[in-house]
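Chain by chain, the residues run as shown.
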Amino acid sequence: MYLDDLPVWGMVGEENEDEGSAYVYTERRLTIAYNTNRIVEVNMTSQGLEEVKAGKDISFTMAIEWNKSSKSFDKRFERYLDNDFFKHQIHWFSIFNSFMMVIFLCGLVALILIRTLKKDFSKVSR
């Protein structure tokens, strides 16, 4: 789910494999932080675990809480970005491994080509 282009996710339910039963969360709480007239942060929590049974009526509730925030609109996506992902670490072993694989495959192709040409030249020289 998205709210003002911010991703919102939460638990739907749980499954107890031992008993063979499923449970669903019936209460949702959205906490929305805003700065002036812009939404800068959204959190969703799930509570109220109820067992799902055939024919049982389940009612769902949702509460929304608005909080004023000093976070600027420009920095609202920073909590979703994985800073470690953007650090450019060079994986030297992977580069070396790829280079050696290319050398091996080129050698294999050259070997097959030489054997084929050698047989062709031997047939022509007869």
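Residues numbered from 1 in each chain as written. Predicted model: local features only at pLDDT ≥ 70, side-chain atom pairs only at ≥ 80, totals over all residues. Heavy atoms only, no water.

### Re the side chain of Ser 69
- Following the sequence through the fold, Ser 69 ends up in the loop between β6 (61-68) and α1 (92-125).
- Looking at Ser 69, its side chain comes within polar contact range of the main-chain nitrogen of Lys 71, at 3.1 Å.
- Ignoring sequence-local partners within four residues, the contact set of Ser 69 consists of Ala 33, Tyr 34, Asn 35 and Val 40. (Helix = DSSP H or I, 4+ residues; strand = E, 2+ residues; numbered from the N terminus. Polar contact = N/O pair within 3.5 Å; in protein donor to acceptor, adjacent residues only side chain to side chain. Contact = heavy atoms within 4.5 Å.)

### A word on unusual backbone geometry
- Positive phi, close to 65°, is recorded for Asp 5, a residue that is not glycine.
- Position of Asp 5 relative to the elements: it lies in the loop between β1 (2-3) and β2 (6-7).
- Look at Thr 36: it is not a glycine, yet its phi comes out positive at around 55°.

### A look at the confidence of the model for the chain
- Per-chain confidence: the chain averages 89 in pLDDT, with 94% of residues scoring 70 or above.
- Ranking the elements of the chain by mean pLDDT puts β1 last with 86 and β6 first with 95. (pLDDT = per-residue confidence, 0-100.)

### Side note on a negative patch on the surface
- On the surface, Glu 15, Glu 17, Asp 18 and Glu 19 cluster together into a negatively charged patch.
- Mapped onto the secondary structure, Glu 15 falls in strand β3 (residues 13-16).
- Looking at Glu 15, the relative accessible area reads 63%, which means it is exposed. (Patch = residues over 30% accessible without salt bridge, like charges linked within 9 Å, V, L, I, M, F, W, Y side chains within 5 Å. Areas by Shrake-Rupley, 256 points an atom, 1.4 Å probe, with all protein chains shown as cover. Salt bridge = Lys/Arg side-chain N within 4 Å of Asp/Glu carboxyl O. Lys, Arg positive; Asp, Glu negative; His and termini not counted. Charge placed at Lys NZ, Arg CZ, Asp CG, Glu CD. Buried < 20%, exposed > 50% of the residue type's maximum accessible area, 1.4 Å probe, protein only.)

### With respect to a positive patch on the surface
- On the surface, Arg 115, Lys 119, Lys 123 and Arg 126 cluster together into a positively charged patch.
- The class of Lys 123 is exposed, set by a relative accessible area of 62%.

### Side note on the pairing of strand β5 (residues 38-52)
- Pairing analysis gives 13 bridges linking strand β4 (residues 21-35) to β5, with the strands arranged antiparallel. Bridging from a neighbouring strand, Ala 22 pairs with Val 52 of β5.
- Counted along the chain from β4 to the antiparallel partner β5, the turn is 2 residues long, and its residue Thr 36 has a positive phi close to 55°. (Pairing = 2+ DSSP bridges.)

### Let's talk about the packing of aromatic side chains
- Counting across every chain of the model gives 3 aromatic pairs.
- Ring plane angle 70° and centroid distance 6.0 Å describe the contact between Trp 9 and Tyr 80, whose orientation is recorded as edge-to-face. With Trp 9 in the loop between β2 and β3 and Tyr 80 in the loop between β6 and α1, this pair connects stretches of sequence that are 71 residues apart.
- Among the aromatic side chains, those forming a connected cluster through ring pairs are Trp 9, Phe 77 and Tyr 80.
- In this arrangement the basic side chain of Arg 38 is found over the ring face of Phe 73, its NZ or CZ atom lying 4.2 Å from the centre. (Phe/Tyr/Trp six-rings, centres within 6.5 Å; stacked < 30°, edge-to-face > 60°. Lys NZ or Arg CZ within 6 Å of the ring centre and 35° of its normal.)

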